[in-house]
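Tertiary structure, described
In case you want the letters, here they are:
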Amino acid sequence: MAPVHVIWFKRDLRTVDHLPLLTAARQAMRDGGGVLPLYIAEPDWWTQPDMSARHWAFARECLSQLRVDLAGIGAPLVVRIGGAIEVLNALNQRFVIASLDSHEETGTAWTYDRDKTVAMWARSVGVPWTQHRDSGVIRSLKDRDGWARAWDRFMSETIPETPRALPRIDIDPGPIPEATDLGLSEDPCPGRQPGGRSAALEALQGFLTQRGARYQKEMSSPLSAEASCSRISPHLAWGTLSMREAAQATWARMAELRGAPGPTGLWQASMRSFSGRLHWHCHFIQKFEDQPSIETDALHPAYRNIRDFDPIRHQAWAEGRTGWPFLDACMRSLRATGWINFRMRAMLMSASSYQLWNHWREPGLHLARLFTDYEPGIHWPQTQMQSGTTGINTARIYNPIKQGLDQDPDGAFIRRWVPELKDVPTSAIHKPWTLSPLEQADLGLTIGREYPNPIVDHMEAGRSARAKIWAVRDGQPYRDAAEAIQDRHGSRRSGLAQPSRARKRKPSPDDGQGSLDFG
């Protein structure tokens, strides 16, 4: 029986810049074997509390195009439903699996445990499993010294070629399951971005050549960010586009702009800004790779038990019914589209953690399910950063009213997503509770009925939260723990003084609120 070389696709749903695919193709050419591109739809993973049907809807579109692309070079994608060991065992009983290749994955505790089990299985049956690097993240990293230079080197490497032909084996590719086949609940998301490689390339090229000129200036407001941001984040998360492709395309555009006639300063500034955010994408995933417990445990131990969890407040926040119009508009927009710009993500998490004083884990899960571009390695470090539990970042407490006045001064975004307030005059759109009873009656609106009163006084709640956060920051044990966190996870580009050596330090890029705004 001819050997079979299996490529296990996970969150790398493309044929371009795919070393596992190229490796398997070359091995098959050498030994006369076949290639089996495999995707395992794991119900136990898809029903984890951070996953949702909108994720699957996007991934399913990616899988459909991947199947077509692979069929075009000889071997369509094989899809199986079940646990990884169950599926691999069945294939190993039917074929002689000579090799298993995949990309490294920085995932949640569930996927990490799954991968450990697969590694044990591969050893027990004598199947060599090779995991290939896929991004700027470095596995088993000793420290962060030199990490930024290593990122640049990896991203500058020549992109591996895509195999021209794959020797096919005789196997039914199988159907790509529906969400219900995986036990997923209904999750309407009418404004979701489409998945697939073609959509990824369209988003990237459209941003680099048409939409991105005002990226640096327009990324903060949800009114402008929807068009001015790159919108490649879900494609990076699901791997229809590699980080190396995005980086090299951005650098090529920057070089083109330097040589272009006429004024290009706005474009150049935006492309520099975007290039920096590609670095920060991997910088945060590296934190998660180095310390997976960030998913469930506060990074700094002093913050592990300081918050409560009020399910009523959480539900109001999750449904966009806090009584803070701009925040509610952002949450409702996110629920309907699967995307919101980074500054607004930070505001949503900040309001839950500070003004509502809820523990970050459940709100973090809620947002994870809503984000089509959910990337665990970014999401959980950012969740903690915006909740003030890292010990090395400034406690930034967003004022949800001020953010609305700054980012949506005329209330256009509020009126779009909070239709109860569509007729409220601009003078009161950010604080509708200030309308008199007579004014409310004229509008056919009763605050507290059609639209809620503020769930708490945001100013008073913010002051209380700040006091609680800073109350635990005194003392040498706190500073020692913060220094250890900075040594392990902090950027090496900022030239920071360590926390215990300098009470007042320069602001780190980690403190920035625009670090990851691809979107």
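Attention here is on the structure that accompanies the text. Note that the structure is a prediction, hence the values are computed from the model and not measured.

What follows deals with the packing of aromatic side chains. Overall, the coordinates contain 12 aromatic pairs when judged by the stated rule. By the ring-pair criterion, three or more aromatic residues cluster together here, those being Tyr-39, Trp-45, Trp-46, Trp-56 and Trp-238. The ring of Trp-470 carries Arg-473 above its face, with NZ or CZ at 4.4 Å from the centroid.

Contact pair helix 15 (residues 342–353) / helix 16 (residues 361–370): the axes reach a minimum separation of 10 Å and the direction vectors enclose 155 degrees. Relative to helix 16, the element helix 15 is oriented roughly antiparallel. By crossing handedness, the relation of helix 15 to helix 16 is classed as right-handed. Across the interface between the two elements, Leu-348, Met-349 and Ser-352 from helix 15 touch Pro-363, Gly-364 and Leu-367 from helix 16. Residues of the contact of helix 15 with helix 16, tallied by class, amount to four nonpolar, two polar and no charged.

Within the largest apolar cluster, 89 residues are counted, with the highest numbers of intra-cluster contacts made by Tyr-39, Trp-46 and Trp-56. Residue contributions to this core peak at eight residues, all from helix 3 (residues 53–71). The next biggest cluster of nonpolar side chains, apart from the first, holds 36 residues, and it includes Met-155, Ala-200, Phe-274 and Leu-278.

Our next topic: the pairing of strand 1 (residues 3–9). The element strand 1 is largely enclosed, with a buried count of seven among its seven residues. Pairing analysis gives five bridges linking strand 1 to strand 4 (residues 96–103), with the strands arranged parallel. When the bridges of strand 4 are listed, Ile-7 appears paired with Asp-101.

The next subject is the pattern of salt bridges. Counted by the stated rule, this structure contains 26 salt bridges. A salt bridge links Glu-61 to Arg-192; the nearest nitrogen and oxygen atoms lie 2.9 Å apart. Note that Glu-61 is positioned in helix 3 and Arg-192 in the loop between helix 6 (147–156) and helix 7 (197–211), a separation of 131 residues in sequence. Note that Arg-139 is salt-bridged to Glu-289, the shortest N-O span being 3.4 Å. Linking Arg-139 in the loop between strand 5 (129–132) and helix 6 with Glu-289 in helix 12 (residues 265–290), this pair joins segments that are 150 residues apart in sequence.

Next up on the list: unusual backbone geometry. Of note, the phi angle at Arg-231 is positive, near 65 degrees, even though the residue is not glycine. Along the chain, Arg-231 falls in the loop between helix 9 (222–228) and helix 10 (233–238). Accessibility expressed as a relative area gives 12% for Arg-231, which makes it buried. Positioned with a positive phi, Trp-357 is a non-glycine residue whose angle comes to about 55 degrees. Within the secondary structure, Trp-357 sits in the loop between helix 15 and helix 16. You can call Trp-357 buried: its relative accessible area is 9%.

A sheet is described by the order of its strands in space; here five strands give the open sequence 3-2-1-4-5, paired in parallel fashion. Sheet topology places strand 3 (78–81) and strand 5 at the edges, where each strand pairs with a single neighbour. Sheet twist, expressed as the mean angle between neighbouring strand axes with direction ignored, is 30 degrees. Of the pairings in the sheet, the one linking strand 4 to strand 5 comprises four bridges and is parallel in character. For Ser-102, the partnering residue across the bridge sits in strand 5 and is Gln-131. Contacts between helix 1 (residues 19–31) and the sheet are confined to strand 1, strand 2 (34–41), strand 4 and strand 5, with strand 1 contributing the most and set at about 175 degrees to the helix. Packing against the sheet, helix 3 makes contact with strand 1, strand 2 and strand 3, and its axis sits at approximately 170 degrees to strand 2.

Of note, Ser-242 is situated in the loop between helix 10 and helix 11 (243–258). In terms of polar contacts, Ser-242 uses its side chain to reach the side chain of Asp-17, at 2.7 Å. If we ignore the near neighbours within four places in the chain, the residues touching Ser-242 are Arg-14, Asp-17 and Leu-236.

What counts, and where the lines are drawn
Residues numbered from 1 in each chain as written. Predicted model: local features only at pLDDT ≥ 70, side-chain atom pairs only at ≥ 80, totals over all residues. Heavy atoms only, no water. Phe/Tyr/Trp six-rings, centres within 6.5 Å; stacked < 30°, edge-to-face > 60°. Lys NZ or Arg CZ within 6 Å of the ring centre and 35° of its normal. Axes fitted to C-alpha atoms, helices over the stretch in contact; angles between N-to-C directions. Helix = DSSP H or I, 4+ residues; strand = E, 2+ residues; numbered from the N terminus. Parallel < 35°, antiparallel > 145°, perpendicular 65-115°, else oblique. Left-handed = near helix turned anticlockwise from the far one by under 90°. Contact = heavy atoms within 4.5 Å. Nonpolar A, V, L, I, M, F, W, Y, C, P; charged D, E, K, R; others polar. Core = buried A, V, L, I, M, F, W, Y, C linked by side-chain atoms within 4.5 Å. Buried < 20%, exposed > 50% of the residue type's maximum accessible area, 1.4 Å probe, protein only. Pairing = 2+ DSSP bridges. Salt bridge = Lys/Arg side-chain N within 4 Å of Asp/Glu carboxyl O. Polar contact = N/O pair within 3.5 Å; in protein donor to acceptor, adjacent residues only side chain to side chain.

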